[in-house]
Amino acid sequence: TAGITQAPTSQILAAGRSMTLRCTQDMRHNAMYWYRQDLGLGLRLIHYSNTAGTTGKGEVPDGYSVSRANTDDFPLTLASAVPSQTSVYFCASSDSPGRGSDTQYFGPGTRLTVL
Amino acid sequence: GQNIDQPTEMTATEGAIVQINCTYQTSGFNGLFWYQQHAGEAPTFLSYNVLDGLEEKGRFSSFLSRSKGYSYLLLKELQMKDSASYLCAVRGDDYKLSFGAGTTVTVRA
């Protein structure tokens, strides 16, 4: 079982260009999440989806958009990248987002550099 | 808002014990998680606490005191492979996880 896959592994992007980070899970989990991880700040939630067809904003949603057309895929789009979006992006999934014990499982991450 | 504090770095010797503390102030509480993250890799789940007390899982144990807003992760019989960052995360009343910045543990021979 692959779990969660992310693509690309890394990318260098010119400022002003658009980019879609891909995330696919094969665990049939209901919920999916996008985080960014920056040195000294820890993981911060960008957007989430509790079930296919619904999305919500996290702590740092500005400059990012998501869609959840089906259970397995949760792409993250940067419409016009800026250098402050340079970060490592992690996708995660979980089965029961309304339960306290619900555990999130993380993909391998995408390292994005915006120049 | 959510505030989760943990030390930035800790160093310990192989075979020793290390305790990583985490204090939190959050809007509501629905559980506390510890994750391990090796450099350049994804975070992986270690433990979950929702009730006060100690949860033991092999060489790793996690403790929670809800009244004090305090948790610790105890790593025993340290091995070189335990060198990693350890992330404390709290589930608040919105059921979202808020993460601390992580504690980097270096194990020396």
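Scope of this entry: the structure provided in the associated data block. Only a predicted model underlies this, so the values are computations on that prediction, with no experimental measurement involved. (Residues numbered from 1 in each chain as written. Chains lettered and ligands numbered in written order. Predicted model: local features only at pLDDT ≥ 70, side-chain atom pairs only at ≥ 80, totals over all residues. Heavy atoms only, no water.)

Considering the pattern of salt bridges
Point 1. Tallied over the full model, the rule gives six salt bridges over all chains.
Point 2. Residues Asp-72 of chain A and Arg-28 of chain A are paired through a salt bridge, measuring 2.9 Å at the closest nitrogen-oxygen approach. Here Asp-72 of chain A, found in the loop between strand E7 (64-66) and strand E8 (76-78), pairs with Arg-28 of chain A, found in the loop between strand E3 (19-25) and strand E4 (31-38); they are 44 residues apart in sequence, far enough to count as distant.
Point 3. With relative accessibility at 53%, the residue Arg-28 of chain A sits in the exposed group.
Point 4. When the shortest N-O distance is used, the salt bridge between Asp-52 of chain B and Arg-66 of chain B registers 3.1 Å. With Asp-52 of chain B in the loop between strand E5 (44-49) and strand E6 (53-57) and Arg-66 of chain B in the loop between strand E7 (60-65) and strand E8 (70-75), this residue pair connects regions lying 14 residues apart in the sequence.
Point 5. In this structure Arg-66 of chain B comes out as partly exposed when scored by relative accessible area, which is 42%. (Salt bridge = Lys/Arg side-chain N within 4 Å of Asp/Glu carboxyl O. Helix = DSSP H or I, 4+ residues; strand = E, 2+ residues; numbered from the N terminus. Buried < 20%, exposed > 50% of the residue type's maximum accessible area, 1.4 Å probe, protein only.)

Side note on the environment of Gly-102 of chain B
Residues and elements named next belong to chain B.
Point 1. Within the secondary structure layout, Gly-102 lies in the loop between strand E10 (97-99) and strand E11 (103-108).
Point 2. Gly-102 gets classed as buried once you look at its relative accessible area, which sits at 10%.
Point 3. Separated by 67 residues in the primary sequence, Gly-102 and Tyr-35 place their C-alpha atoms 9.2 Å from one another.
Point 4. If near-sequence neighbours (up to four positions away) are discounted, Gly-102 is found in contact with Gln-6, Pro-7, Thr-8, Tyr-86 and Leu-87. (Contact = heavy atoms within 4.5 Å.)

Topic: the side chain of Ser-65 of chain B
Point 1. By secondary structure assignment, the location of Ser-65 of chain B is in strand E7.
Point 2. When sequence neighbours within four positions are dropped, the list of residues in contact with Ser-65 of chain B reads Tyr-24, Asp-52 and Tyr-70 of chain B.

Looking at the pairing of strand E9 (residues 87-94) of chain A
Walk down a regular strand and you will see the side chains alternate between the two sheet faces.
All names here are of chain A.
Point 1. Most of E9 sits inside the fold, with eight of its eight residues counted as buried.
Point 2. Where burial is concerned, the two faces of E9 agree: the one with Ser-87, Tyr-89, Cys-91 and Ser-93 and the one with Val-88, Phe-90, Ala-92 and Ser-94 are both buried.
Point 3. By the bridge criterion, seven bridges tie E4 to E9 in an arrangement that is antiparallel. Residue Trp-34 lies in a different strand from E9, and its bridge partner there is Cys-91.
Point 4. In terms of strand pairing, E9 meets strand E11 (residues 110-114) through three bridges, oriented antiparallel. Looking at the pairing, Ser-87 lines up with Leu-112 of E11. (Pairing = 2+ DSSP bridges.)

Things to note about the interface of chain A and chain B
Point 1. Contact with chain A, which involves 21 residues of that partner, is made by 17 residues of chain B.
Point 2. Between chain A and chain B lies a buried interface of about 1500 Å² when both sides are counted; carbon and sulfur atoms form 58% of it.
Point 3. When residues of chain A are sorted by the area they lose upon contact with chain B, Leu-43, Gly-100 and Phe-106 of chain A head the list and together hold 29% of the total.
Point 4. Scanning the region where chain A abuts chain B turns up zero salt bridges. (Buried area = accessible area lost by both parts, 1.4 Å probe.)

A few points about the state of the cysteines
Point 1. Scanning the model with the defined rule gives two disulfides over all chains in all.
Point 2. Across a sulfur-sulfur distance of 1.9 Å, Cys-23 of chain A and Cys-91 of chain A are joined as a disulfide pair. Where Cys-23 of chain A bonds to Cys-91 of chain A through sulfur, the torsion about that S-S bond is close to -75°, and the disulfide is left-handed. Note that Cys-23 of chain A is positioned in strand E3 and Cys-91 of chain A in strand E9, a separation of 68 residues in sequence. The same class applies to Cys-23 of chain A as to Cys-91 of chain A, namely buried.
Point 3. Sulfur-sulfur distance for the disulfide between Cys-22 of chain B and Cys-88 of chain B comes to 2.0 Å. Between Cys-22 of chain B and Cys-88 of chain B the sulfur-sulfur dihedral comes to about -70°; the bridge is accordingly left-handed. Here Cys-22 of chain B is found in strand E3 (residues 18-25), whereas its partner Cys-88 of chain B is found in strand E9 (residues 84-91), with 66 residues between them in sequence.
Point 4. Of the residues examined, Cys-88 of chain B reaches a relative accessible area of 0% and is grouped as buried. (Disulfide = S-S within 2.5 Å.)

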